[in-house]
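Below, each chain spelled out in residue letters.
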Amino acid sequence: MRFIRTKAMVAGLGLALSLAACGDAGSDTESVDVEVSEDASFDDGTRMKELADAGTINVGVKYDQPGLGFNETGSDMPTGFDVDIAKILVASLGIDPEDTSKVKYIETISDNREPFLQEGKVDLVLASYSITDERRQVVGQAGPYMVTGQQLLVPEDSDAAGPEDLQGKEVCSVTGSTSLDNAKAEGMKPVGFDTYSQCVDKVLDGTVEAMTTDGTILAGYAAQNEGQLKVVGDPFSEERIGVGYSKDSPEMCQWITDTLEQANEDGKWAEAFEANLGASGVETPDFPEMDACES
């Protein structure tokens, strides 16, 4: 399968999401209501048909990213923008995304996204999953449904304003993420942790100078730790967030693409963004142009 890559503007979204850190983004989100398809129809032999007929699906999401994929209560229903996008996909299969007896939202950290898909533990991954050529060698990735950029999360009293101020300094992100490679390329010393929450704790206690990852993720943590942490710097990478699926089911790409483009047309994509990331008045970005799926 060949994918045609397209360019998208990221600087404006990165700035807007850093402004979200001053508000409540990710700390008090509302789930978007989606309509369950009553006439879902798929070709025999496709993975979508199998899932629709079974009426069950497993979705990998983050549990520790306010505004994207968050679950601080231990419930079966996490919240966030990634989760709402997953619900839109699940509903298009004729499965009620709110019925946790049929839909399992499984915690998926950065380092096990590919293994979970390869092993069949999850059917989809929506977990701040940056699209890369390397990942597309082992799993399928459709999208992007959001384009953001890598920034820095630092203590409120830090003088750092960007990578240039952290040359040779330790900055953290999660093991298995593209952020670590990008930080190294920018002259910083990357340190990996299993989860973003661990990384945030290390910034708060002064073990590392900063945390780095997508601006969307950082904005949520800054809002959650208002007065202690802040997002700084212009985006220094382009992160194209997509949906992961098994490479054994390439037909899923077009279904995902068509469903998300429909969500943009009917306003559900914008509604999901605003509900989860727009609480502080952040302007909703344009829906990104998605990669074409070709056999």
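The rules we used
- Residues numbered from 1 in each chain as written.
- Predicted model: local features only at pLDDT ≥ 70, side-chain atom pairs only at ≥ 80, totals over all residues.
- Heavy atoms only, no water.
- Helix = DSSP H or I, 4+ residues; strand = E, 2+ residues; numbered from the N terminus.
- Buried < 20%, exposed > 50% of the residue type's maximum accessible area, 1.4 Å probe, protein only.
- Contact = heavy atoms within 4.5 Å.
- Areas by Shrake-Rupley, 256 points an atom, 1.4 Å probe, with all protein chains shown as cover.
- Pairing = 2+ DSSP bridges.
- Axes fitted to C-alpha atoms, helices over the stretch in contact; angles between N-to-C directions.
- Phe/Tyr/Trp six-rings, centres within 6.5 Å; stacked < 30°, edge-to-face > 60°.
- Salt bridge = Lys/Arg side-chain N within 4 Å of Asp/Glu carboxyl O.
- pLDDT = per-residue confidence, 0-100.
- Parallel < 35°, antiparallel > 145°, perpendicular 65-115°, else oblique.
- Left-handed = near helix turned anticlockwise from the far one by under 90°.
- Nonpolar A, V, L, I, M, F, W, Y, C, P; charged D, E, K, R; others polar.

A. Molecular detail of the overall build of the chain. A count of helices and strands for the chain gives nine helices and 14 strands. Relative to its full complement of 295 residues, the chain shows a buried share of 55%. For the chain, long-range pairs separated by at least 24 residues make up 74% of all intrachain contacts whose partners lie at least 6 apart in sequence. Total accessible area on the chain is roughly 12600 Å²; 42% of this is exposed by carbon and sulfur atoms.

B. Layout of the sheet that holds strand 12 (residues 229-232). With mixed pairing, the five strands of this open sheet are ordered in space as 10-9-11-8-12. Sheet topology places strand 10 (189-193) and strand 12 at the edges, where each strand pairs with a single neighbour. Direction aside, the axes of adjacent strands within the sheet are offset by 35 degrees on average. Its contacts with the sheet put helix 7 (residues 215-224) on strand 8 (150-155), strand 11 (210-214) and strand 12, and the angle it makes with strand 11 is roughly 130 degrees.

C. Layout of the environment of A160. By secondary structure assignment, the location of A160 is in the loop between strand 8 and strand 9 (170-174). Beyond its immediate stretch of four places on either side in the chain, A160 contacts V154, D165, L166 and V232.

D. Representation of the packing of aromatic side chains. Under the criterion given, the structure shown has five aromatic pairs. With a centroid separation of 5.7 Å and an interplanar angle of 80 degrees, the aromatic rings of F81 and F273 are classed as edge-to-face. Of this pair, F81 sits in helix 3 (residues 81-92) while F273 is found in helix 9 (residues 268-277), placing the two residues 192 residues apart along the sequence. Assessed through its relative accessible area of 0%, F81 is described here as buried. On the accessibility criterion, F273 (0% relative accessible area) is buried. Within the aromatic cluster, the residues linked to one another by ring pairs are F81, Y145, W269, F273 and F287.

E. Quick look at the pattern of salt bridges. Under the counting rule described, the total for this entry stands at ten salt bridges. With its nearest N and O atoms 4.0 Å apart, the salt bridge here joins D84 to K87. One end of the pair, D84, and the other, K87, are both in helix 3, three residues apart, so they sit about a helical turn from each other. You'll find D84 and K87 in the same group, each marked buried. Between K87 and E98 there is a salt bridge, with the nearest N and O atoms lying 3.1 Å from each other. Linking K87 in helix 3 with E98 in the loop between helix 3 and strand 5 (103-107), this pair joins segments that are eleven residues apart in sequence. In the salt-bridge network here, residues are joined through shared partners; they are R47, E50 and D123.

F. Fine view of the sheet that holds strand 5. A sheet is described by the order of its strands in space; here five strands give the open sequence 5-2-6-13-7, paired in mixed fashion. Each edge of the open sheet is held by one strand with a lone partner, namely strand 5 and strand 7 (140-148). Ignoring strand direction, the axes of neighbouring strands in this sheet form an average angle of 25 degrees. Note that strand 6 (residues 124-130) and strand 13 (residues 239-245) share three bridges and pair antiparallel. Residue Y129 lies in a different strand from strand 13, and its bridge partner there is G242.

G. Here's a closer look at the confidence of the model for the chain. On average, residues of the chain score 88 in pLDDT, and 88% of them reach the 70 mark or higher. Counting interchain partners and residues more than four positions distant, the pLDDT-below-50 stretch residues 1-12 has 32 contacts. Here residues 15-28 is modelled with pLDDT under 50, and outside its nearest four sequence neighbours on either side it reaches 36 contacts, counting other chains as well.

H. Geometry of the packing of helix 3 against helix 9. Orientation of helix 3 relative to helix 9, taken along the N-to-C sense of each, is 155 degrees, at an axis distance of 9 Å. Taken as axis vectors, helix 3 and helix 9 run roughly antiparallel relative to one another. The handedness of the crossing between helix 3 and helix 9 is right-handed. Across the interface between the two elements, F81, D84, I85 and I88 of helix 3 pack against K268, W269, A272, F273, N276 and L277 of helix 9. Here the residues of the contact of helix 3 with helix 9 sort into seven nonpolar, one polar and two charged.

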